[in-house]
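# Report on the structure
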Amino acid sequence: MGLKTTSDMILTAGPSITDREMAYTQDAALNGWNRHHSDYIARFQNKMSQFIGVPHTMATSSCTGAMHLALSALGIKAGDEVIVPEITWVATASAVCYTGAKPVFCDVDPQSWTATADTIARCITPRTKAIMPVHLYGHPCLMAPIMELAAKHNLVVVEDAAQSVGGEYRGKKTGSFGVFAAFSFQGAKALVTGEGGMLLANDAELFARAQILGDHGRDLHKALFNNEIGYKYKMSNLQASLGLAQIERVDDIVARKRQIFAWYKERLGDIEEIALNAELPECKNIYWMSSLVLGTKISLSRDEVMAELKKRMVDTRPMFYPLSSMPMFEQQKNPAAYHAGLRGINLPSGHERTEEEVDYICAHLREVLGKSLKNSKTAVPSGWLAYRDEVAATISDAKETANQKRYTLPLMDKGKQVGQLIPFTQAHATDDAVIRLLAKWRDQSQDAFPGQFKVTFEGTKGWAQRQLMQLPDRMLFLIVDDKQNMIGHIGLFRFDFKKRFCEIDNVVRGEDAGKGLMTLATNALMQWGRDALHVKDFYLRVMSNNTRALNLYERTGFSEILRVPLVLLKNADGSLSWVSAGHHVYEAPERYFVTMKKI
Ligand SMILES: *Cc1c(COP(=O)(O)O)cnc(C)c1O
């Protein structure tokens, strides 16, 4: 099931949700109470136990909580030290700090980006009590030498397996090596429960201790009696129903992650100046995040590469910052962790990513890096984004008419110019007079929007930034009449760069111009879209009560292709929204969302 729309950035993460997840969660919501209040929790825990090959499992509200419980059950306390890799999500170190102990950061292997027995050994002191290997981005740590080292120094191992469900080392699953291990099902992870985690233990006694601590130090034999201050880290049955569906599909989900990385590797594997995720011998990496580290020969910074990709509708994330670079954790810096942590990028790796998207991402990445390698500017790709950048660079003042003319689309009626379309630029977005005008139009057209909210000047200003300037696939034009009055706006939105279609951003009629200017504007905009951006198909969506717009679009050749019933919902803040009524509609609703296509 796809959740994305054409307008979305190609996102870094995102889960796989199917009919199975829908069925289980619906069942849990309807029936998972009273006698059945923990059925899904038990099933989820059992399945996890079987899959990882560890006898004791406890679903928790987070992986962070699970790690805190593990360390607490082990009696880790103030004055102790716990070795944590320098690049990981901060949660590993936070869990250590919750106990009062000190996280000590070890370096990572430059290829797998994970801690090794060697890097860990260098950090052992008489205070060290535990080691927390992190299977970063799904690559297992080389556990045999780590377990040997731990045994030699009488240290316990708690695995942070948050990112590696399904990863293997020597045929054994990550999460099965340590005395404790913890997984995360937070929304960006390979398997999700929204928020959630799982604590796994090989030792029955330690596990029992963690269970008691995780449930307020409850007395096991005396109802509602507590023997000590504990914590509350339980997962709900509702979340567990989602988790069960996910773990039942884990093989497919992991296979997809591996497939996505294979697509990247095929297209980027030959670039010497970057390093991709590794898969060391005897390891199975689940490639939770397909990632790369920019080599020193690349002159662009990590942030510059990410910004260039964002302009091209590719969302990425920085690799985890080295923990010692954060204000609360000053200590000695580890060189390999600093290189990867400050030069690393997570590429879009969510389950829904397709080969075509990876193709697109890699082509653009090559172009961005190519620029850096040769240290010269290559031409930006023609089309939407290039045009936007060019307009923005040329027009810095809303009143700068000379340059604006270059980008102006004349509105012609019988050979005579009767108005024009002017690209909406940053200069407009920061011009109070323009914002006031937009606010007025928005207020007048209120009833044509799904959300019924109070229009304010500040709100409109924010909207212009976030919804007009910062969205890479939206471009607005101001409609100006022959007396230079701004009388409305119209734009293109949700540009699909592969299928070459987009939506007409609903025309907003400010001042009533008459003279058929709105029709001319709609036609001129589409012509420009065809010529400049090679758009093939135009769609638009409009509320059925907006009869003026419906008539206008029919006149310009649009036909209705879809009609979604709407209901009026009251939001928590008291505002009203028209939202899709789903299939629970028994009478003709008051309004529809109408999708039209230019025929
Ligand atoms: C996500 C993550 C965590 C924390 O998981 P939560 O469920 O959000 O508490 C811990 N460690 C690593 C390595 C993670 O990626």
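Please read these numbers as outputs of a predicted model, since none were measured by experiment.

A separate point is the overall build of the protein. Each helix and strand in the protein was counted, giving 19 helices and 24 strands. Considered along the principal axes of its C-alpha atoms, the protein spans approximately 90 × 65 × 40 Å. Buried positions account for 55% of the 599 residues belonging to the protein. A total accessible area of about 27000 Å² is found for the protein, and carbon and sulfur atoms account for 53% of it. Treating the 70 positive side-chain charges of the protein as one cloud and the 66 negative ones as another, the clouds have centres 3 Å apart.

By size, the foremost hydrophobic cluster in this structure holds 44 residues, and its most contacted members are Val 165, Phe 183 and Ile 247. Elements that contribute at least two residues to this core include exactly helix 1 (19-31), helix 2 (39-52), strand 8 (180-184), strand 9 (197-201), helix 8 (237-248), helix 9 (250-268) and helix 11 (335-343). Top contributing element to this core by residue count: helix 2, with six residues. In contact with Val 165, other than residues within four places in its own chain, are Met 48, Phe 51, Phe 183, Ala 190, Leu 191, Ile 247, Val 250, Val 254 and Ile 286. Formed by 35 residues, the second largest nonpolar core is a distinct cluster that contains Val 418, Met 518, Met 526 and Val 535.

The immediate surroundings of the ligand are formed by 16 residues, with Thr 64, Asp 160, Gln 163, Ser 184 and Lys 189 found nearest. Between the ligand and the protein, one listed contact pairs an oxygen atom with a side-chain N or O atom of Thr 64 at 2.4 Å. Interatomic distance of 2.7 Å between a side-chain N/O atom of Asp 160 and a nitrogen atom of the ligand. For the ligand, whose unbound accessible area comes to 380 Å², protein coverage reaches 94%.

Another aspect to go through is helix 6 (residues 143-153). Residues of helix 6 that are buried include every one of Met 143, Ile 146, Leu 149 and Ala 150, and no others. Taken around the axis of helix 6, the buried residues stretch over an arc of 125 degrees, which confines them to a single face. Turned more than 90 degrees away from the buried face of helix 6, the exposed residues are Glu 148, Ala 151 and Lys 152. Lining the buried residues of helix 6 we find helix 5 (117-121), strand 4 (128-131), strand 5 (156-160) and strand 6 (168-169). Looking one or two places after helix 6, you find Asn 154, whose phi comes out positive at around 60 degrees.

Next up on the list: the domain arrangement of the protein. Parsing the protein into structural domains produces domain 1 (20-250) and domain 2 (384-598). Here the C-alpha centre of domain 2 lies 49 Å away from the C-alpha centre of domain 1.

Where strand 20 (residues 501-509) lies against strand 21 (residues 537-543), three bridges are found, and the strand directions are parallel. Its bridge partner being in strand 21, Cys 502 is matched across the sheet by Phe 538. Where strand 21 lies against strand 24 (residues 591-598), five bridges are found, and the strand directions are antiparallel. When the sheet's bridge partners are listed, Val 542 is paired in strand 24 with Val 594.

What follows concerns the packing of aromatic side chains. For the structure shown, the criterion picks out 13 aromatic pairs. Measuring from ring centre to ring centre gives 6.1 Å for Tyr 137 and Trp 288, while their planes differ by 20 degrees; the resulting arrangement is stacked. Linking Tyr 137 in the loop between strand 4 and helix 6 with Trp 288 in the loop between strand 11 (283-284) and strand 12 (291-294), this pair joins segments that are 151 residues apart in sequence. Both residues of the pair, Tyr 137 and Trp 288, belong to the buried class. On the basis of an interplanar angle of 75 degrees and a centroid distance of 5.2 Å, the ring pair of Phe 477 and Trp 528 is categorised as edge-to-face. Of this pair, Phe 477 sits in strand 18 (residues 474-481) while Trp 528 sits in helix 18 (residues 517-533), placing them 51 residues apart in sequence. For the pair Phe 477 and Trp 528, a shared accessibility class is recorded, and that class is buried. Taken together, the aromatic side chains of Trp 89, Trp 113, Tyr 137, Trp 288 and Phe 320 make up a single cluster linked through ring pairs.

Scanning the model with the defined rule gives 27 salt bridges in all. With a shortest N-O distance of 2.7 Å, Arg 563 and Glu 560 are connected by a salt bridge. What makes Arg 563 partly exposed here is its relative accessible area of 39%. Note on Glu 560: relative accessible area 41%, which makes it partly exposed. One salt-bridge network, in which partners are shared between bridges, spans Glu 266, Arg 267, Glu 355 and Asp 359.

Covalently bonding the sulfur atom of one cysteine to the sulfur atom of another cysteine gives a disulfide. Tallying each qualifying case throughout the model produces zero disulfides. Between Cys 63, a cysteine without a disulfide, and Cys 141, which holds the nearest cysteine sulfur, the sulfur-to-sulfur distance is 13 Å. Overall, the relative accessible area of 6% leaves Cys 63 in the buried class.

Glancing now at the sheet that holds strand 10 (residues 274-276). Strand order across the open sheet formed by four strands is 10-12-14-13, with antiparallel pairing between neighbours. In this open sheet, the two strands that pair with only one neighbour each are strand 10 and strand 13 (317-318). As defined by bridge partners, strand 10 adjoins strand 12 across three bridges and the pair is classed as antiparallel. Along strand 12, the bridge assignment pairs Ala 275 with Val 293. Running at roughly 30 degrees to strand 14 (residues 344-346), helix 10 (residues 302-311) makes contact with strand 12, strand 13 and strand 14 of the sheet.

Where burial is concerned, most of helix 3 (residues 63-73) is hidden: ten out of the eleven residues are buried. Regarding helix 3, the residues found buried are Cys 63, Gly 65, Ala 66, Met 67, His 68, Leu 69, Ala 70, Leu 71, Ser 72 and Ala 73. Next to the buried residues of helix 3 lie strand 1 (56-60), helix 4 (91-98), strand 5, strand 8, strand 9 and helix 7 (204-213). Between the side-chain oxygen of the N-cap and the backbone nitrogen of Thr 64 there are 3.4 Å, and the N-cap of helix 3 in question is Ser 62. Two residues or fewer past helix 3, Gly 75 is found with a positive phi of approximately 80 degrees.

Analysis parameters
Note that residues are indexed from 1 along each chain, following the sequence as it is written. Given that this is a predicted model, residues contribute local features only at a pLDDT of at least 70 and side-chain atom pairs are listed and counted only at 80 or more, while totals for whole chains, interfaces and linings are drawn from all residues. Side-chain numbers here rest on the full set of heavy atoms in the structure, without hydrogens or water. Strands are runs of DSSP state E lasting at least 2 residues, helices are runs of H or I lasting at least 4, and numbering of each runs from the N terminus. Note on classification: 1.4 Å probe, protein chains only; a residue is buried when its accessible area is under 20% of the maximum for its type, exposed when over 50%, partly exposed between these limits. The Shrake-Rupley method, run with a 1.4 Å probe, gives the accessible areas here. Residue values count only the displayed protein chains as cover. Only four residue types enter the tally: Lys and Arg on the positive side, Asp and Glu on the negative side; His and the chain ends are excluded. Where a charge sits is defined by one atom per residue type, namely NZ (Lys), CZ (Arg), CG (Asp) or CD (Glu). Residue types Ala, Val, Leu, Ile, Met, Phe, Trp, Tyr and Cys, when buried and joined through side-chain atoms within 4.5 Å, form a set referred to as a nonpolar core. We call two residues in contact whenever any of their non-hydrogen atoms come within 4.5 Å of each other. Being near a molecule or strand, for a residue, means having at least one of its heavy atoms within 4 Å of it. For this analysis, a polar contact is any N or O atom pair within 3.5 Å, provided that within protein one partner can donate a hydrogen and the other can accept it, and provided that sequence-adjacent residues contribute only side-chain to side-chain pairs. Throughout, the arc means the angular range of directions from the helix axis out to the C-beta atoms. Residue ranges labeled as domains rest on an automatic or database domain assignment. Between any two strands, pairing holds if DSSP finds at least two bridges. In this analysis, rings of Phe, Tyr and Trp, with Trp reduced to its six-membered ring, are considered paired at centre separations within 6.5 Å, and the interplanar angle assigns stacked below 30 degrees, edge-to-face beyond 60, and tilted for intermediate values. Just to be clear on terms, a salt bridge is a Lys or Arg side-chain nitrogen sitting within 4 Å of an Asp or Glu carboxyl oxygen. Any cysteine sulfur atom paired with another within 2.5 Å is treated as part of a disulfide. Simply put, an axis is a line fit to the C-alpha atoms, just over the touching stretch for a helix, and the angle between two N-to-C directions goes from 0 to 180 degrees.

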